[in-house]
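A structural walkthrough
Letter by letter, the chains look like this.
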Amino acid sequence: QVQLVESGGGLVQPGESLRLSCVASGIVFRFYALAWYRQAPGKQRELVASINQVGTTNYPDSVEGRFTISRDNTKNEVYLQMNSLKPEDTAAYYCYAKRSTGETYWGQGTQVTVSS
């Protein structure tokens, strides 16, 4: 059974940092491209960071320079370091894994709230 389990969310003040983690089980982790998405209430789910099998990363302009995605294939984990958080970063954050053969998996999400 494949599982992606996120952790690390919480309530922080603007300007603070959080580090999200996602641990995968049931897949050959190194074969998968990974990503973090987020979804705020009433909005569509959006990509915030991706990393492919060889470590190439990609970010939208909204988080470029503030968020960093990384992976540890020895631990089956992907991370999202989020710095200089803003209220508009408030959302549920989801881990996503995709293999070139088409299999995709989602985690259950972890809530990030940025508020003073």
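Quick note: structure is the one above.
Report on the accompanying structure.

1. Focus on the nonpolar core
If you look at the biggest cluster of nonpolar residues, it comprises 29 residues, and the most contacted ones within it are W36, F67, I69, V78, L80, M82 and Y93. Only β3 (18-25), β4 (32-39), β5 (46-51), β7 (67-72), β8 (77-82), β9 (91-99) and β11 (110-114) provide two or more residues apiece to this core. If sequence neighbours within four positions are ignored, Y93 has contacts with E6, L20, W36, Y37, R38, V48, F67, L80, M82, G109, T110 and V112.

2. Concerning the side chain of R71
Considering the arrangement of structural elements, one finds R71 in strand β7. Lacking a salt bridge, the buried R71 has D72 as its closest oppositely charged neighbour, with an N-O distance of 8.3 Å. There is a polar contact of 3.0 Å between the side chain of R71 and the backbone oxygen of N52. If near-sequence neighbours (up to four positions away) are discounted, R71 is found in contact with F29, R30, Y32, A33, L34, I51, N52, Q53, E77 and V78.

What counts and how
- The numbers attached to residues start from 1 for each chain and follow its sequence in the written order.
- The predicted nature of this model means local features are confined to residues of pLDDT at least 70 and side-chain atom pairs, given and counted, to a pLDDT of 80 or more, with totals for whole chains, interfaces and linings taken over all residues.
- Hydrogens and water are ignored here; the side-chain numbers use all heavy atoms of the structure.
- Note on terminology: a nonpolar core comprises buried Ala, Val, Leu, Ile, Met, Phe, Trp, Tyr and Cys residues joined through side-chain atoms within 4.5 Å.
- When a residue's accessible area, from a 1.4 Å probe over protein chains only, is under 20% of the maximum for its type it is buried; when over 50% it is exposed; and in between it is partly exposed.
- Under the scheme used here, helices are H or I runs from DSSP no shorter than 4 residues and strands are E runs no shorter than 2 residues, and both carry numbers assigned from the N terminus.
- Contacts: residue pairs with any heavy atoms within 4.5 Å of one another.
- Note on charges: Lys and Arg go in the positive column, Asp and Glu in the negative column, and His and the chain ends are not counted at all.
- One side-chain nitrogen of Lys or Arg within 4 Å of one carboxyl oxygen of Asp or Glu is enough to make a salt bridge.
- Two N or O atoms count as a polar contact when they lie within 3.5 Å, although within protein this holds only if one can serve as hydrogen donor and the other as acceptor, and sequence-adjacent residues are included solely when both atoms are side-chain atoms.

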